[in-house]
Amino acid sequence: MSSTTAETEGALETRGLEPVPDAERTGRTRELFPTWVAANISVLLLTMGAGLIVSNGLNFWQVLVVALVSPLLSYGMVGLISIAGKRGGSPGMTLSRAVFGQRGNLFPGALIWVARWGWETINAVTGAYAIITVLNICFDVESSTWLTVVTLVAFVACTFLISGLGRKILHICSTWSTYAFGAFSVLVLVYLLAETDWSAVFDKPAGSTAMMVAGVGTIAAGGISWVPTGPDFTRYLPRNASNKPLVGHAVGGAAIVVVPMVLMGAVMAVSAPKLSTAQDPVSFLGSLLPTWIAVPYLIMALVGMLLINSMSMYSAGFTAMTLGIKVPRAWAVSVNAIISLIFGYILMNVATSFMGSFISFLTLLAVAFSAWIGVFGIDMLRRKTYDGQALMDTKRTSAYWYKAGFAWQAMTAWAIALAVGLLFTKVDWFSGPLATSWIGRHGLGWLATIVVAAVLYAVLPKTPLVEKDAAGKGEPDLVSA
């Protein structure tokens, strides 16, 4: 069982997995906007925008469509799933117990937790590269193995500190970083407008539709990874809070960052195509901008990446506790911090292709999260409330125990959808047997995963809730979940 300590009025959040009481639900929907802005402040969006030009062969107008559609799809799902947090007052993976069963939830929970390791590692490495680049520009410090270790440790330590403090500190930091990063992004945009050869940008021929659709999947994958996290940031909202702002702020907050940064990366790629494949994309970016812009911009981006990782570790702490790691949330975060250090060192000093590893990871990440999204999303359409006591009761007495701790309908749909998604997936080191099909060529394995999971769970018999006595015995409730 997790801590049941209520959140105090101070900055440090002490609440664990238990549902937030109505009296403490004082959050406001507008607080979500800077949260999702901060979740996207990453210079890797520039590199991914460059990749759409160089690797996918798209032109500027196609990149614009990709940049607009991607946050609409991915953060639209983030906003919709966030509604569950308002209804149940618990983190996303805790609410997932009501869908998969107390034991069954361990399977998607473990997969999502492991996937977060990779996401946090990528961001930690990018943050460390940003520190090294600033040191090189300002003090002519050359990169070395020991410097990568020091900067990586510093970045992860700051991430651990911020994520351990909780939701209130994250909101304050997100708000201020939104203003600062926005101001410097405008500065970069003005510089690009003045210095770019726009005839070369607009003369580039159009690429294939397949590569355009695949580009949507690549950019959207980052947003898809936040879907199970959405309820973590809405559980402090009143039950009667409007649903529309939850979706609107998620999409708007992401789009206001994703669209201009992807487009900036695409524009930069016309004169510097190596940006899309650079082993260290951050230092490469530093050489594209004048020092007076590059240094403050990278510092602001560094703050953004700290917040991205802090938000991820904040939710990862809840996921770890859901899996049965019986420590306070702040300490559960330390597990992911240590893993980020180990994998980050390997990626910075051993791996030969940072961007290749990143794109492969994003592709697999989207499939892994999509199977859960399809099942949980259909369950949300059926379920309007969650039993807080049953969510926290991990024994046979729980109404969410189902059969031996498993909701076989949800588990079946999740497992089959996950397998199907991998059949259509191709990355650097793995290729499914259906990767050359129309779905595979268009990079739609993640969408196929969501559809298969949703359809299977919708047609399978509903999982009955069971009211149980203290001995763990009971009869199925006629009202299905």
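Here we look at the overall build of the chain
Next, step 1: Counting secondary structure elements, the chain contains 19 helices and four strands.
Next, step 2: Expressed as a percentage of its 481 residues, the buried residues of the chain come to 58%.
Next, step 3: By sequence separation, contacts in the chain at least 24 residues apart represent 83% of the contacts at least 6 residues apart.
Next, step 4: Surface exposure of the chain reaches about 18,700 Å², of which carbon and sulfur atoms provide 69%.

A word on the packing of aromatic side chains
Next, step 1: Under the defined criterion, the tally for this structure stands at 17 aromatic pairs.
Next, step 2: Ring plane angle 70° and centroid distance 6.0 Å describe the contact between W36 and W226, whose orientation is recorded as edge-to-face. Separated by 190 residues along the polypeptide, W36 in helix α1 (residues 32-38) and W226 in the loop between α10 (209-224) and α11 (243-271) bring together distant segments of the chain.
Next, step 3: With relative accessibility at 1%, the residue W36 sits in the buried group.
Next, step 4: The buried category is assigned to W226, whose relative accessible area is 1%.
Next, step 5: Plain terms: the ring middles of Y314 and F318 are 5.0 Å apart, the flat faces sit at 80° to each other, and that makes the pair edge-to-face. Of this pair, Y314 and F318 both sit in helix α13 (residues 291-322), four residues apart, which is roughly one turn of that helix. Here Y314 and F318 have matching classes, each one buried.
Next, step 6: Pairwise contacts between aromatic rings join W36, Y75, W226, F233, Y314 and F318 into one cluster.

Examining the nonpolar core
As a rule of thumb, nonpolar side chains are buried together in soluble globular proteins.
Next, step 1: By size, the foremost hydrophobic cluster in this structure holds 140 residues, and its most contacted members are W36, W226, W372, V375, F376 and Y386.
Next, step 2: When neighbours within four sequence positions are excluded, F376 is seen to be in contact with I81, A84, G92, L95, S96, V99 and Y386.
Next, step 3: Formed by five residues, the second largest nonpolar core is a distinct cluster that contains W117, A316, A320 and I339.

Overview of the pattern of salt bridges
Next, step 1: In total, this model carries three salt bridges according to the counting rule given.
Next, step 2: The partner of R239 in a salt bridge is D22, and the shortest N-O contact between them spans 2.9 Å. Linking R239 in the loop between α10 and α11 with D22 in the segment before α1, this pair joins segments that are 217 residues apart in sequence.
Next, step 3: Salt-bridge contacts for D379 lead to R383; the nearest nitrogen and oxygen are separated by 2.8 Å. Like R383, D379 is buried.
Next, step 4: Through salt bridges with shared partners, a single ionic network connects D22, R25 and R239.

Notes on a nonpolar patch on the surface
Next, step 1: A cluster of nonpolar side chains, namely V149, V153, I338, I342, F343, Y345 and I346, defines an oily patch on the protein surface of about 590 Å² accessible area.
Next, step 2: The biggest single contributor to the nonpolar patch is helix α14 (residues 329-349), with five residues.
Next, step 3: Within the element layout of this structure, V149 appears in helix α7 (residues 145-165).
Next, step 4: Among the residues examined, V149 registers a relative accessible area of 33% and is labelled partly exposed.

Re unusual backbone geometry
Among all residues save glycine, negative phi is the norm, and among peptide bonds the norm is trans.
Next, step 1: One non-glycine residue with positive phi stands out, namely Y402, at about 55°.
Next, step 2: The topology assignment puts Y402 in the loop between α16 (388-392) and α17 (408-423).

Some words on helix α19 (residues 445-459)
Next, step 1: Between its first and last C-alpha, α19 extends 21 Å over 15 residues, near the 21 Å set by a 1.5 Å rise per residue.
Next, step 2: For α19, the set of buried residues is G445, W446, A448, T449, I450, A453, A454 and Y457.
Next, step 3: Looking at the buried side of α19, the elements it contacts are α3 (60-88), α5 (97-100), α10, α15 (354-382), α17 and α18 (438-441).

Points about the packing of helix α6 (residues 106-139) against helix α12 (residues 281-288)
Next, step 1: Following both chains from N to C, one finds α6 and α12 inclined at 40°, their axes separated by 8 Å at the closest point. When the axis of α6 is compared with that of α12, the two are oblique. The hand of the α6/α12 crossing is right-handed. Contacts from T126, Y129, A130, T133 and I137 in α6 reach V282, S283 and G286 in α12.

What counts and what doesn't
- Residues numbered from 1 in each chain as written.
- Predicted model: local features only at pLDDT ≥ 70, side-chain atom pairs only at ≥ 80, totals over all residues.
- Heavy atoms only, no water.
- Helix = DSSP H or I, 4+ residues; strand = E, 2+ residues; numbered from the N terminus.
- Buried < 20%, exposed > 50% of the residue type's maximum accessible area, 1.4 Å probe, protein only.
- Contact = heavy atoms within 4.5 Å.
- Areas by Shrake-Rupley, 256 points an atom, 1.4 Å probe, with all protein chains shown as cover.
- Phe/Tyr/Trp six-rings, centres within 6.5 Å; stacked < 30°, edge-to-face > 60°.
- Core = buried A, V, L, I, M, F, W, Y, C linked by side-chain atoms within 4.5 Å.
- Salt bridge = Lys/Arg side-chain N within 4 Å of Asp/Glu carboxyl O.
- Patch = residues over 30% accessible without salt bridge, like charges linked within 9 Å, V, L, I, M, F, W, Y side chains within 5 Å.
- Expected span 1.5 Å × (residues − 1).
- Axes fitted to C-alpha atoms, helices over the stretch in contact; angles between N-to-C directions.
- Parallel < 35°, antiparallel > 145°, perpendicular 65-115°, else oblique.
- Left-handed = near helix turned anticlockwise from the far one by under 90°.

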